[in-house]
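The lines below spell out each chain.
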Amino acid sequence: MSNDGRHDFDFLFGSWRIHNRKLKNNLDRGCTEWIEFDMSLDARPILGGIGNIDESATTLPDGTNFQGMSLRLFDPEENVWRIWWSSSTFPGRLDPPVVGQFVAGRGEFVCDDIIGGEPAKVRYEWTGTTTDSPAWQQDFSFDDGKTWDPPNWIMTFSHT
């Protein structure tokens, strides 16, 4: 079995409790109101381990039921992961895939998207993946990656 990155997300397999700190409307650059909530997440390998999928669910502080899912596929030729996100917030849509890899224990995945009507780069960052409490965060850049806004969604994981 190759050590080319295809096992980078093996740490995620299983059931998790996730504490979320998220801007109430992370697609609005002017939003300053944060919400906090917990959710459950279950992750498992697919396609013989060359990919994985997770599903998450919670009730948001306003009483809205929320479900999300990530699909991650490893491209051994390019040695990168592509990660697609979908949620009950925007039914029937897969967000453009963020693309990247882990270097020195930190995962960085980026894509181009439209945020609040503006072209932007979206970045996912994974840290602490060798610990019992990995963390994920999302931030945006509106100047082609020269600078990044502060994170607009932060997740801290703990095993259930």
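In the block above lies the structure referred to throughout.
Remember, predicted model here, so these are calculated numbers, not experimental data.

A.B. asks: Just give me the short version of the side chain of T129, but keep the residues and values in it.
C.D. replies: Note that T129 resides in the loop between strand 8 (118-127) and strand 9 (135-141). For T129, a relative accessible area of 14% translates into the label buried.

A.B. asks: Quick one: what's the story with the nonpolar core, residue by residue and with numbers?
C.D. replies: Grouped together as the largest cluster of nonpolar side chains are 31 residues, with contacts concentrated most on F9, L12, F109, Y124, W126 and F157. At five residues, the largest contribution of residues to this core is made by strand 2 (residues 34-46). Every residue in contact with F157, bar those within four places of it in the chain, is listed here: L12, W16, R17, I18, L41, W126, D132, S133, P134 and W136.

A.B. asks: I'd like a rundown of the pairing of strand 8, residues and numbers included.
C.D. replies: Summarising burial for strand 8: seven of the 10 residues are buried, a large majority. Looking at chain direction, strand 7 (residues 106-115) and strand 8 are connected through nine bridges and run antiparallel. For E108, the partnering residue across the bridge sits in strand 8 and is E125. Hairpin geometry of strand 7 and strand 8 is characterised by an intervening segment of two residues between the two adjacent antiparallel strands and by a positive phi of about 55 degrees at G116. Across seven bridges, strand 8 lies against strand 9 in antiparallel orientation. Following the sheet pairing, R123 is matched in strand 9 by D139.

A.B. asks: An account of the pattern of salt bridges is requested, with residue identities and associated values reported.
C.D. replies: Under the counting rule described, the total for this entry stands at 17 salt bridges. One salt bridge connects E125 with R106, and the closest N-O pair in it is separated by 2.4 Å. Here E125, found in strand 8, pairs with R106, found in strand 7; they are 19 residues apart in sequence, far enough to count as distant. Where K121 meets D144, a salt bridge forms, and the shortest distance between an N and an O atom there is 3.5 Å. Pair noted here: K121 is in strand 8 and D144 is in the loop between strand 9 and strand 10 (153-159), with a separation of 23 residues, a long-range link. Its relative accessible area of 57% is what places D144 among the exposed residues.

What counts and how
- Residues numbered from 1 in each chain as written.
- Predicted model: local features only at pLDDT ≥ 70, side-chain atom pairs only at ≥ 80, totals over all residues.
- Heavy atoms only, no water.
- Helix = DSSP H or I, 4+ residues; strand = E, 2+ residues; numbered from the N terminus.
- Buried < 20%, exposed > 50% of the residue type's maximum accessible area, 1.4 Å probe, protein only.
- Core = buried A, V, L, I, M, F, W, Y, C linked by side-chain atoms within 4.5 Å.
- Contact = heavy atoms within 4.5 Å.
- Pairing = 2+ DSSP bridges.
- Salt bridge = Lys/Arg side-chain N within 4 Å of Asp/Glu carboxyl O.

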